[in-house]
Amino acid sequence: MRFEILGPARVLDEDGEPVVLGGPRVRGLLTLLALDAGRVVGAERLAAGLYGPEPPEGVANALQAQVSRLRRALGRDQVEFHPAGYRLAADPRDVDAHRFERLAGDGRQALDAGDPRRAAPLLREALALWQGPPLADAPHAEAAAAGLEELRLAAVEDRVQADLELGAHRELVAELRRLTAAHPLRERMRAQLMRALYGSGRQAEALTAYDDARRILDEELGVEPGAELAAAQLAVLRADPSLAATAAPVSRQGLRAQLTSFVGRAEELRQVGAQLTEARLVTLIGPGGAGKTRLALEAAEQATGDVCFVQLAPVTEPADVPKAVLAALGLRDTRLSGHDRPPAVDPVSHLLAALADRGLLLVLDNCEHLITAAAELADLLLASCPALRVLATSREALGITGESILPVAPLRLPPPDAANPFDYPAVRLFADRAAAVRQPVDETNLAQVAGICRALDGLPLAIELAAARLRTMSVGDVAARLDDRFRLLARGSRTALPRHQTLRAVVAWSWDLLDEREQRMARRLTVFVGGATPESAERVCGLPEEVLFSLAEKSLVEVVDGRYRMLETIRAFCAEQLAESGETEAMREAHADRYLALAVEADGHLRTAEQLEWLSRLDEESGNLAAAVRWAAETGRAALGMRILAYSACYWWMRGHRGTSADLADGLIAGMGQTPPAGLQEEYALCVLVAAWGSRPGDDLRARLKTLRRLLPAEFLSTRLEFLTMMLPMFTGPPDDYEGVRKLMAQYAGAMPPWSQALMHCGVAFMLQIMGRGGEARAEFERSLADFQAVGERWGATLALSGLAELAYEQGDYAASRALADQGLRTSQELGSVADMAECLCLSADSVARLGDLDEARAGYLRAAEMARRIGAGDTLARAHVGLGELAVLRGDLGEARALMEQALTECSGDWYSSEEVRARIQAGLTGLAEIVSGR
């Protein structure tokens, strides 16, 4: 974690995301602990810092409450208790105040050692950490805040001194006038203003500045100017040349002053600086429009020593690369003497001679279209010129030994539920550029702006092009037109490079640099959703995986956890190329076939000890499975779509993706008759059942469910789809003949797969429970649980544990019921099944309420309701709400109780397997409420 207290208190996690801290007291406590990060801070000192010299009664309890809140935000291990107080378990280097002190100290040392070129960037980096008044959230820590402010002013003076020694006299005059106006009694600043004025050729103004300083010191303090000011006056009077002396002039060739602010890349800028101190060749790589050139320019501005920026984009021939570097350095093409005018000296030899002993940072920008020539020249120059450093930008690495590669990713984006999107650099960039065209970003359009930034992948160039459209459009208009992004974002700066003037040109530049096989892979890869593994890409696209790796090296695809995916903007461009090639249908077919094969393979592992591994694998492919089913439905390939969906059903059920999968199933069966395709009765049945699990079925779906009872009886055992064995009786109702089921079990004993055998025992247990034969039901549940655990299957184990918990609850053993429900909760958490977690929370809360802890029960119901709402599990949501309604009755809040129970009634799906018990419980609750009201 990183801690910021030089301004409003903030904590950033390891991904750079802000941590929600809470109210001002919690932020104040964090501030006080961060001041002494890694050391114990006494409780009395913390209380005084939080509450002032006159703390309220019970201050120890109040402090403990704030510590508890801070621990919830950061984690218990982060805030440690000690007998003498509390300790923030953090490295001081992770606290901005401590980093500031270290950097400022290093800058002062460099300045004292006569190295202003090293001192200046260190001091700038230190001062950049300040975000406002220090310790802003700890108003009673005045002394510490004043100390930090004094250190800041000293660092400002040191930075000004370094800039003066580097010759920046004219540039500093305006800043020093502001500083002396704000701090009129600081003599060092007054002396620096005199030096800046004198160095700018303004000797009279320098003497006037001295007179102003002497007058103010006399009026305010009654003292004469000190030695530093007096020495500065004497030097001006004597025209002392040392007063205007500077370090050797620094050459900045090819660097243009930027017209816009630099937003969102502070950490990357720091990394570039750090890598340039450790490596002689640093290459910034990333997709087009990611901001590599701007980052290189900013890094070059901060670099010490000479810099030369070489723009290679206009160069078209590899042989012209050395000439472009010569031109940027201002070196003319010299010729040998002689009346016959022999050919010019070789440009490379000329460069080697000019740079042999020169300390220079050479920036080679936009190398990708001349990658071999740029790499060969950089390698030769670095080998021959030991004081040379090279910073390159390209869409792929130069591939030279010793190269340090720094990927430049798109700007960080706010998630849809971000508390404050302004915490994310992509949104800040949009807001900054929108302000330039007088279109402010505020609470009324902030959500739309965040959506625009996400749709544009956080690419700085795309965001700037979108913000520029606000000259003639509203934020809403831009957001609504992003489906046609290439047409929308077609008006960039007239002075920009042609390939940076439109979004299409940015991507087309990268596309044109690909060879024919790479272009084929790139356009075919667009059929994937959420990326692909190399194996899947090779099978679907029909090209070896090495072509995919080449696209990654050229920044056309990014690699995240072993998956290769495109930014949406690049994907949209390549999808156009796929449509133009006429390959769309063939690629979609290959994609669907690949994911049918994966679904079939995975289904056999989901009900074994390997289920966590395969669930995780299917999590990565969930988008592709859904896309394959959706395409099959849209193109009339119902049989293919039903097979993919049927073999994915177990995964979707276990993961709780019931609403999404139900919509896919609806789309498949919408155009089908009531009769399943030949040979696909089981797939059709499972497709209908999946459609039914998402919400209350409509008339068409209810009719299809009724036909299933004739098509496949409840005691049907699937030959292909083992999961259908579980789903069918859940929706069609339990078998009427219990003894018939017993006979069926005996008949197939030993022949059924282990999971089906365990499931059959669980089904029998539920039937026995309904029949009131609790003892027999418990035995079947326990046998089922043992069988599920033997095969390592967690979902079935959760089902059996839930049955045992409900049975214990019915028999009044609430402690046992709670323990079983909590065990089921832990098992479902291992599985990651949100639906089952919510159901177990409801079961546990029922027992907790009976045991008398109403607050804990309420917390359990609320947590279950939130989970159920998130996945669209209406019946579990109804169960949580009726539980909350029952608690409201116990509190005497009858109005809230009625509202909750009536809400629960609307949430029941009406299916026997999930709603019958909940509906009966709601009706009982409403009846009880009516009796209470009438009794009054």
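Above this text you will find the structure in question.
Residues numbered from 1 in each chain as written. Predicted model: local features only at pLDDT ≥ 70, side-chain atom pairs only at ≥ 80, totals over all residues. Heavy atoms only, no water.

Peer 1: Outline the packing of helix 36 (residues 794-810) against helix 37 (residues 814-831), listing residues and values.
Peer 2: Following both chains from N to C, one finds helix 36 and helix 37 inclined at 165°, their axes separated by 8 Å at the closest point. As far as their axial angle goes, helix 37 and helix 36 are roughly antiparallel. The handedness of the crossing between helix 36 and helix 37 is left-handed. Seen from helix 36, the contacting residues are R794, W795, A797, T798, L801, L804, A805, A808 and Y809; seen from helix 37, they are Y814, A816, S817, L820, A821, Q823, G824, T827, S828, E830 and L831. A per-class count over the contact of helix 36 with helix 37 returns 12 nonpolar, 6 polar and 2 charged. (Axes fitted to C-alpha atoms, helices over the stretch in contact; angles between N-to-C directions. Helix = DSSP H or I, 4+ residues; strand = E, 2+ residues; numbered from the N terminus. Parallel < 35°, antiparallel > 145°, perpendicular 65-115°, else oblique. Left-handed = near helix turned anticlockwise from the far one by under 90°. Contact = heavy atoms within 4.5 Å. Nonpolar A, V, L, I, M, F, W, Y, C, P; charged D, E, K, R; others polar.)

Peer 1: Which residues make up the pairing of strand 9 (residues 360-365), and what are the values?
Peer 2: Burial analysis of strand 9 places 6 of its 6 residues in the buried class, which makes it a mostly covered element. Side chains L360, L362 and L364 of strand 9 all project onto a buried face; the interleaved residues L361, V363 and D365 project onto the opposite face, where all are buried too. Pairing of strand 8 (residues 306-311) with strand 9, which is carried by 6 bridges, proceeds in the parallel orientation. The residue of strand 9 that forms the bridge with F309 is V363. Where strand 9 meets strand 10 (residues 388-394), 5 bridges bridge the pair, whose relative direction is parallel. Residue pairing across strands places L362 opposite V390, the latter belonging to strand 10. For the crossover that starts at strand 9, traverses helix 15 (residues 371-384) and ends in the parallel strand 10, the hand is right-handed. (Buried < 20%, exposed > 50% of the residue type's maximum accessible area, 1.4 Å probe, protein only. Pairing = 2+ DSSP bridges. Right-handed = clockwise from strand over helix to strand, strands pointing away.)

Peer 1: Outline unusual backbone geometry, listing residues and values.
Peer 2: Although it is not a glycine, L135 adopts a positive phi angle of roughly 55°. By secondary structure assignment, the location of L135 is in the loop between helix 5 (116-127) and helix 6 (142-165). On the accessibility criterion, L135 (2% relative accessible area) is buried. The backbone of D561 sits at a positive phi, close to 55°, despite the residue not being glycine. Assignment of secondary structure puts D561 in the loop between strand 12 (558-560) and strand 13 (563-565).

Peer 1: An account of the side chain of E368 is requested, with residue identities and associated values reported.
Peer 2: Relative to the helices and strands, E368 is located in the loop between strand 9 and helix 15. A distance of 3.2 Å separates a polar atom in the side chain of E368 from the backbone nitrogen of R395. Of the polar contacts made by the side chain of E368, one reaches the side chain of W509; its length is 3.1 Å. (Polar contact = N/O pair within 3.5 Å; in protein donor to acceptor, adjacent residues only side chain to side chain.)

Peer 1: Residue-level account of helix 7 (residues 169-182), with values.
Peer 2: Over its 14 residues, helix 7 extends 20 Å from the first C-alpha to the last, a length consistent with the 20 Å expected when each residue adds 1.5 Å. Most pronounced at E175, the bend in helix 7 amounts to some 30°. Among the residues of helix 7, H169, L172, V173, E175, L176, L179 and T180 are the ones counted as buried. (Expected span 1.5 Å × (residues − 1). Bend = angle between axes of the 7 residues up to and from the residue.)

Peer 1: Residue-level account of empty space enclosed by the protein, with values.
Peer 2: For the coordinates displayed, the defined rule picks out 1 cavity of 30 Å³ or more. The computed volume of the largest cavity comes to approximately 100 Å³. Taken together, 15 residues line the largest cavity, and the ones lying closest to its centre are P287, G288, V506, V507 and I570. For the lining of the largest cavity, the element with the most residues is helix 21 (residues 503-512), which contributes 4 residues. In the lining of the largest cavity, the residues fall into 9 nonpolar, 5 polar and 1 charged. (1 Å grid on protein atoms, 1.4 Å probe; cavity = no way out; pocket = protein on both sides within 12 Å on 5 of 7 lines; lining within 4 Å. Points joined across faces, edges and corners; volume = space filled by probe spheres on them.)

Peer 1: For the pairing of strand 8, give the residues involved together with the corresponding values.
Peer 2: Burial within strand 8 is extensive, with 5 of its 6 residues counted as buried. With 2 bridges connecting them, strand 6 (residues 252-253) and strand 8 associate as parallel partners. Residue pairing for strand 8: Q253 is matched across the bridge by C308.

Peer 1: Any chance you could break down the sheet that holds strand 7 (residues 281-285) for me, citing the residues and the numbers?
Peer 2: The strand order across the open sheet built from 6 strands is 6-8-9-10-7-11, with neighbouring strands paired in parallel fashion. Each edge of the open sheet is held by one strand with a lone partner, namely strand 6 and strand 11 (404-407). Across the sheet, helix 13 (residues 321-329) is in contact with strand 6, strand 8 and strand 9; its angle to strand 8 comes to roughly 135°.

Peer 1: Go over the environment of L382, please, and point to the residues and values.
Peer 2: On the secondary structure map, L382 appears in helix 15. You can call L382 buried: its relative accessible area is 10%. Considering only alpha carbons, one finds L382 and L281, 101 residues apart in sequence, at a separation of 8.1 Å.

Peer 1: Which residues make up the packing of aromatic side chains, and what values go with them?
Peer 2: Going through the model one piece at a time under the given rule, you end up with 10 aromatic pairs. Considering the side-chain rings of F486 and F573, the 6.1 Å spacing of their centres and the 80° angle between planes classify their relative orientation as edge-to-face. One end of the pair, F486, is in helix 20 (residues 485-488); the other, F573, is in helix 25 (residues 568-581), with 87 residues separating them in the sequence. Exposure class is identical for F486 and F573. Each is buried. Taken together, a centroid distance of 5.9 Å and an interplanar angle of 65° make the contact between W511 and F573 edge-to-face. Taken together, the positions of W511 in helix 21 and F573 in helix 25 put the pair 62 residues apart, joining distant regions of the chain. What makes W511 buried here is its relative accessible area of 8%. Ring pairs connect the aromatic residues F486, W511 and F573, which therefore count as one cluster. Positioned over the ring face of W130 is R152, at 5.7 Å from the centre of the ring. Cation over ring: R607 sits above W755, and NZ or CZ is 5.3 Å from the ring centre. (Phe/Tyr/Trp six-rings, centres within 6.5 Å; stacked < 30°, edge-to-face > 60°. Lys NZ or Arg CZ within 6 Å of the ring centre and 35° of its normal.)

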